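# Observations on the model geometry
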Amino acid sequence: SNSTDLLWKVKNHPPSAAATQAKVQPTALSRSNSFSSTNSALKEDGEESDAPQNRPPTVDLMRINATFRRYSLDGYVHQDDLVDCLKRLGFARPTPEWVDDAFASVTNYGVLDAGEFMLFISAYEDKMRVSILEDFQRYDEDGSERLEQPEFEKLLMEMHIEPMQHVLKEVLSEVDK
């Protein structure tokens, strides 16, 4: 059948634990304010814990570094710049409520250092994943964990996207492979 299993994306990238659920060591920085690729959860005494860790952002670390450097002032990015940072990282229309929630899950201050910036990006992506899963479940009217062509068309129409039928069929057949 012409259906697409979009849920695999969400299942393969489920939301990580919220930043506030685990003590996460800010990502190590070099003198040039660059992120390292290590991130370990720590207990109060500094030992590694078994607590769930935030998943690293899916955005390329080099792009995150460049964006942080571009928007940072004295080693910090201000909360007011985060929507622009997300746009620069490829998020087409960042949701202000998600930005505020992700920011609040990382810090109580008005700025983010490099490690907190990484956690913020990860928290924002988690909010996006949860939203995608909720939308998917809303459009999966038959509960099959697949969007059949009429369900997928309805989703696209509500997003104000009107694909040509032959393009829609081609996309669905490609995903079904």
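So, here is what we can say about the structure in this document. Each chain has its residues counted from 1, running along the sequence as written. A pLDDT threshold of at least 70 governs which residues receive local features in this predicted model, and a stricter bar of 80 or more applies before side-chain atom pairs are shown or counted, although totals over entire chains, interfaces and linings include all residues. Hydrogens and water are ignored here; the side-chain numbers use all heavy atoms of the structure.

This brings us to the nonpolar core. Buried Ala, Val, Leu, Ile, Met, Phe, Trp, Tyr and Cys residues form a nonpolar core when they are joined through side-chain atoms within 4.5 Å. We call a residue buried when its accessible area falls under 20% of the maximum for its residue type, exposed when it is over 50%, and partly exposed in between, using a 1.4 Å probe and counting protein chains only. Grouped together as the largest cluster of nonpolar side chains are 23 residues, with contacts concentrated most on L82, F117, F120 and I121. Of all the elements in the fold, those that place two or more residues in this core are α2 (61-71), α3 (82-88), α4 (96-106) and α5 (114-139). Counting from the N terminus, the helices are DSSP H or I runs at least four residues long and the strands are E runs at least two residues long. At eight residues, α5 tops the list of elements feeding residues into this core. Counting eight residues, the second-largest nonpolar core is a separate cluster that includes Y139, L155, L168 and L172.

Between rings of Phe, Tyr and Trp, where Trp is taken as its six-membered ring, a pair exists when centres lie within 6.5 Å; planes separated by under 30 degrees are stacked, by over 60 edge-to-face, and by other angles tilted. Per the stated rule, a full pass over the model turns up four aromatic pairs. Ring centres of F68 and F117 lie 5.5 Å apart, and the angle between their planes is 55°; this geometry places the pair in the tilted category. One end of the pair, F68, is in helix α2; the other, F117, is in helix α5, with 49 residues separating them in the sequence. Overall, the relative accessible area of 0% leaves F117 in the buried class. An aromatic cluster is defined as three or more aromatic residues linked by ring pairs; in this entry it consists of F91, W98, F120 and Y124.

This part is about the pattern of salt bridges. Basic side-chain nitrogens of Lys or Arg form a salt bridge, by our definition, when they fall within 4 Å of a carboxyl oxygen of Asp or Glu. Under the definition given, this model contains six salt bridges. Residues K154 and E141 are paired through a salt bridge, measuring 2.9 Å at the closest nitrogen-oxygen approach. Separated by 13 residues along the polypeptide, K154 in helix α6 (residues 149-158) and E141 in the loop between α5 and β4 (147-148) bring together distant segments of the chain. A single salt-bridge network, built from bridges that share partners, covers E125, D126 and R129.

The subject of this paragraph is the packing of α4 against α5. Axis angles are defined between N-to-C directions and span 0 to 180 degrees, where every axis is a line fitted to C-alpha atoms and, for a helix, only to the segment in contact. Direction vectors running N to C along α4 and α5 enclose 135°, while the axes themselves pass 8 Å from each other. When the axis of α4 is compared with that of α5, the two are oblique. Considering how the two elements wind past one another, α4 and α5 form a crossing that is right-handed. For the pair formed by α4 and α5, the contact residues are W98, V99, D101, A102, F103, S105 and V106 on the first element and E116, L119, F120, A123, Y124, K127, M128 and S131 on the second. Taken together, the residues of the contact of α4 with α5 sort by class into ten nonpolar, two polar and three charged. Should an angle fall under 35 degrees it is called roughly parallel, over 145 degrees roughly antiparallel, and 65 to 115 degrees roughly perpendicular, with every other angle called oblique. Crossing handedness follows the turn of the near helix against the far one: under a right angle anticlockwise gives a left-handed crossing, and clockwise gives a right-handed one. Two residues qualify as a contact provided that any one of their heavy atoms is within 4.5 Å of a heavy atom in the partner residue. Gly falls in the polar group here, along with every residue not listed as nonpolar (Ala, Val, Leu, Ile, Met, Phe, Trp, Tyr, Cys, Pro) or charged (Asp, Glu, Lys, Arg).

Residues of α6 that are buried: Q149, E151, F152, L155 and L156. Seen end-on, α6 carries its buried residues on one side only, within an arc spanning 160°. Of the residues one or two after α6, H160 is the one with positive phi, at around 65°. Picture the helix axis, draw a direction to every C-beta atom, and the arc is the one those directions span.

A contiguous nonpolar patch, built from M164, V167, V171 and V175 and spanning about 300 Å² of accessible area, is present on the exposed surface. Tracing the backbone shows V167 in helix α7 (residues 165-176). Residues form patches when they are more than 30% accessible in relative terms and have no salt bridge. Like charges link within 9 Å. Nonpolar side chains (Val, Leu, Ile, Met, Phe, Trp, Tyr) link within 5 Å. Calculation of accessible area relied on Shrake-Rupley with a 1.4 Å probe; when residues are assessed, cover is drawn exclusively from the protein chains displayed.

On to the environment of V111, then. Checked against the element boundaries, V111 lands in strand β3 (residues 111-112). On a C-alpha basis, the gap between V111 and G75 in space is 9.5 Å, while along the polypeptide they are 36 residues apart. Discounting chain neighbours no more than four positions away, the residues touching V111 are Y76, V77, H78, F103 and E116.

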